[in-house]
Amino acid sequence: MEASLLPHAAFVHRRVMPLRFPTALEAEFRRYYWDRLLWRTRWLTGIMLVGFLLFALADSQRPEASTREVRLAIRLGLVAPALALTLLIAARRAWLRWLEPALSLGMLLALLGQAALIIVSRYDPTPVPTQSFSLVLMIVYLVSGLRFRRAAVIGIAASLWLLLALPQTGEPRSLTIYYLVMFNVVGLTGLFSLEMLLRRNFISTALAEFRALRDPLTMLHNRRAVMAHLDRVQKQSRREQRPYAVLMIDVDHFKLYNDEYGHVAGDACLQKVASALDQVLQRPFDMVARYGGEEFIAVAFDHAGDLFRLAERLRTAVSDLNLAHGAEGAGPRVTVSVGAADTLQPASLEGDFERLIDAADRALYRAKRAGRDRSELARPADFH
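Residues numbered from 1 in each chain as written. Predicted model: local features only at pLDDT ≥ 70, side-chain atom pairs only at ≥ 80, totals over all residues. Heavy atoms only, no water.

Caption draft 1: The arrangement of the sheet that holds strand β4 (residues 336-342) in detail. Taken together, 5 strands build an open sheet; the order of strands is β2-β3-β1-β4-β5 and the sheet is mixed. The sheet is open, and its two borders are formed by β2 (287-292) and β5 (375-377), each paired with just one other strand. Along the sheet, successive strands turn relative to each other by an average axial angle of 20°, direction set aside. As paired elements, β2 and strand β3 (residues 295-301) share 5 bridges and run antiparallel to each other. By the bridge assignment, G292 is partnered in β3 with E295. (Pairing = 2+ DSSP bridges. Helix = DSSP H or I, 4+ residues; strand = E, 2+ residues; numbered from the N terminus. Axes fitted to C-alpha atoms, helices over the stretch in contact; angles between N-to-C directions.)

Rendered as structure tokens:
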């Protein structure tokens, strides 16, 4: 049941997380990912931008470098603008959807730019060392914030381009290949491990939050969740000047049911009742929760003033299950009693949701005293 309500549960026992979740889950993971790594991406991009600008300044002071203009063009005309754009996008959370494409472009140009600097500097007295490419490569893999698949494509493509374009003169080609292979292997292994850890933490965090707000037996929201929801609904109601209602629901003669059929059957009964109630209220601001024991609470936002009809729908949804209740003193089937209160009551218009709960509770016990398996609306006196 948990897996059907929360798609994260399908991945909890995976030894290795997938590098891409289903679409909706992947979008949620992306938000989780950047909540944790955005600060690091901002700092790294800024540091890389400053570094390329400082090296450009150093190049401008080297009259002996025959490729000085080319170096400056690469640093100032190619890499620096791409990093500056990435930094600008990373600075605004509202632009986060464009961050990964911009970051990918920035890191790709940083790698290609460094490779180009190494290649053209071979004609200067002081060439740029090949190891500097490996340094940028490790930054891209382990610090930038790029996810594994994007980083792997960018890093490997740039490494291959460097190897194919690098002149045969200078340090032994076999040594360059060795360093590049090792840096790619080490960097990608570290990045893969980091992403697997973040994906597993994402699943674990989502499950922990889900379980903290759910009743473990019925999988409905629990009392803590419904109180937080009521606070949001109350604020929404005041903003939009639209009513909302609280309905208290109690399973009739549930103690007798447990005594007759046992606690395992009692748990199964509560699960079926919970499912039936939940099917009635499916709108975004509606909620059904287990309030405690055999008691449930429902929240209905903007119910068009027909509160009694809504209460009856909840009551008949359980009655229509036709769950046998053969205990002496009970009816032939499992039923519920419902008490309801809404903000359309003059006495409750300016009140808070605790007053609505109290009024609905009084209406519920009036329904039970009147014979059970019935719905009662709160009266003005119930709000005092």
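Caption draft 2: Structural detail: unusual backbone geometry. Of note, the phi angle at H253 is positive, near 55°, even though the residue is not glycine. If you trace the backbone, H253 turns up in the loop between β1 (244-251) and α9 (254-261). Located in the positive-phi region is D373, a residue other than glycine, with phi close to 50°. On the basis of relative accessibility, which here comes to 26%, the residue D373 falls in the partly exposed class. (Buried < 20%, exposed > 50% of the residue type's maximum accessible area, 1.4 Å probe, protein only.)

Caption draft 3: The arrangement of the pattern of salt bridges in detail. Within the structure shown, the criterion is met by 21 salt bridges. Salt-bridge contacts for D302 lead to R242; the nearest nitrogen and oxygen are separated by 2.7 Å. Residue D302 is located in the loop between β3 and α11 (307-319), and its partner R242 is located in the loop between α8 (223-240) and β1; the two are separated by 60 residues in the primary sequence. By relative accessible area, R242 is classed as partly exposed at 33%. (Salt bridge = Lys/Arg side-chain N within 4 Å of Asp/Glu carboxyl O.)

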